[in-house]
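# An overview of the molecular structure
This is what each chain is made of:
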Amino acid sequence: MSNSLTLSSLLSPWGDFSSPELDAITVEQLELNSRIIKDGDIFVAIVGHAVDGRRFIDKAVAQGAKAVIAQAGDDKTHGLVEWLNAVPVVYVSELNSILSELAGRVYSSLATKLIGVTGTNGKTTITQLIAQWLDLVGQRSAVMGTTGNGFLDNLKTAANTTGSAIEIQRTLSELAEENAVYTAMEISSHGLVQGRVKALDFEVGVFTNLSRDHLDYHGTMEEYALAKKSLFTQHKCKHAVINVDDEVGKAWLSDLPNAIAVSLSPLTGYQQSIWASDVAYAETGIQLSFDGRWGQGKLSVPLIGQFNASNVLVAFATLLSLGIDKQTLLDTAPQLQPVIGRMELFQVPNKAKVVVDYAHTPDALEKALAALRVHCSGQLWAIFGCGGDRDTGKRPMMAITAEQFANKIIISDDNPRSEDPALIVKDMLAGLNEPESAFVEHDRYQAVKFALEQAGRNDIILLAGKGHEDYQVLKDETIHYSDRESALQLLGIS
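Reading the values: the criteria
- Residues numbered from 1 in each chain as written.
- Predicted model: local features only at pLDDT ≥ 70, side-chain atom pairs only at ≥ 80, totals over all residues.
- Heavy atoms only, no water.
- UniProt positions renumbered as here; feature names shortened; annotations may be inferred.
- Domains from an automatic or database assignment.
- Contact = heavy atoms within 4.5 Å.
- Buried area = accessible area lost by both parts, 1.4 Å probe.
- Salt bridge = Lys/Arg side-chain N within 4 Å of Asp/Glu carboxyl O.
- Polar contact = N/O pair within 3.5 Å; in protein donor to acceptor, adjacent residues only side chain to side chain.
- Helix = DSSP H or I, 4+ residues; strand = E, 2+ residues; numbered from the N terminus.
- Nonpolar A, V, L, I, M, F, W, Y, C, P; charged D, E, K, R; others polar.
- Expected span 1.5 Å × (residues − 1).
- Buried < 20%, exposed > 50% of the residue type's maximum accessible area, 1.4 Å probe, protein only.
- Arc of directions from axis to C-beta.

Named according to an unreviewed UniProt entry, the chain is UDP-N-acetylmuramoyl-L-alanyl-D-glutamate--2,6-diaminopimelate ligase originating from Vibrio toranzoniae. UniProt, in the comment section headed Function (unreviewed entry), describes the chain in these words: "Catalyzes the addition of meso-diaminopimelic acid to the nucleotide precursor UDP-N-acetylmuramoyl-L-alanyl-D-glutamate (UMAG) in the biosynthesis of bacterial cell-wall peptidoglycan."

What follows covers the domain arrangement of the chain. What the domain assignment lists for the chain is domain 1 (7-98), domain 2 (107-335) and domain 3 (344-491). Domain 2 puts 17 residues into the contact, and the matching count from domain 3 is 20 residues. Interface area, domain 2 with domain 3, both sides summed: about 1500 Å², of which 60% is carbon and sulfur. Our enumeration of links across domain 2 and domain 3 arrives at zero salt bridges. For the pair domain 2 and domain 3, the interface holds two residue pairs in polar contact (both at pLDDT 80 or more). At the level of secondary structure, the elements contributing two or more residues to the side of domain 2 that touches domain 3 comprise α8 (215-218), β14 (272-282) and α11 (306-321). Here the side of domain 2 that touches domain 3 is composed, by residue class, of five nonpolar, eight polar and four charged.

Along its twelve residues, helix α14 (residues 394-405) runs 16 Å from first to last C-alpha, staying within 8% of the 16 Å computed at 1.5 Å per residue. Three or more residues of α14 are buried, namely K394, R395, M398, A399, T401 and A402. Around the axis of α14, the buried residues are gathered within 160° of arc, so they sit on the same side. Considering only its buried residues, α14 is in contact with α13 (362-373), β19 (380-384), β20 (408-411) and α15 (421-429).

And the structure:
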């Protein structure tokens, strides 16, 4: 971070803001949230998706902001400087779209190299596998995403999958100071559309897959797909790694001819590709033989499920594209660990197995159940819910998916938020062919308890939707709740 940066020099790419007053103000911390402004911070007031930050300029100044950079518009023209209690308010046009670059000028990301992963499912697993693998080959690496930011042994909770442009640049600066050689970052469609990673340079951009999610924000699947694709078309990615088992990814290859195509099936017709020539699944993990641009070989990893075979192969292709030695990767692959709350297995003798997974879309739920079916000699159970204040169209789809791929289904609460849980359940039941065969238990802990009491020793219970989360968002409060803790407690492991 540059301590000698002045307000006028910070803004110099967007005009001549030089004046004795602005030249005298040094820039140390930028903040978008007026509630956490401290003495000496600079408040950045943008027009956001939901909130106009300019409404909080007075509050930020009252809390000690020494300057405000505000989005120009209407009667506030670009370059205008107003004074509020001896604090300058500098207006800059299209501030929301230049925020990533602006923050990058304050928080230099120094030397940490970036890997960006986008897609509906698999982002967390792939970023964490990449970081684990890089650590195993001696390249200290960090992650940024759903389960937190930082090094894997010390993740700090993140509010969103992709933070604000300022949070991202500040975090990258901190990680670089802690000697992160690489940072593997989950990139959400919201983050791409809102320009939160606009000024970043990526060594590799990775696409996992696309299935229904966030249509409450994007409106259509086409807009959602375009948001994801923009990582490769409107951002700087030195290399691109695309899962072509996904139809959307496959279609993109015609526009991205230099991308590395990855598949669990043999590939032809691509300039560069890697594919699985054979995949064997066992309770101990996955054995995957591969072929393609980097020749042949065999990967052994202690993960379960077909989509984890895909995740591992995508992570492998990403590291190969960075020039990491193939044999070193193969030698260290057996040391990779399952990701917390992602197809995480809990088991004790003579009881049903419990698998905790973050699956909260119809596609992810189908893949999780299909993956477990391979390992299940008894009945396959699904415990799941749907979030409140989110895409209502996926509720019946989640239910019908569970009905098709599980033997027993229990509908429970996810994060109801401001909605009545009973109405969420009603939407889900509407998707079932046999709603009377579903068991409804709003309390997730009691749902798991019921399933374990009813299930046989060869059964598998998928506890889907919460994954790593240790909270539930209810109408008027957020409570502590963890599927992982429920599994441990009810199986008598802790």
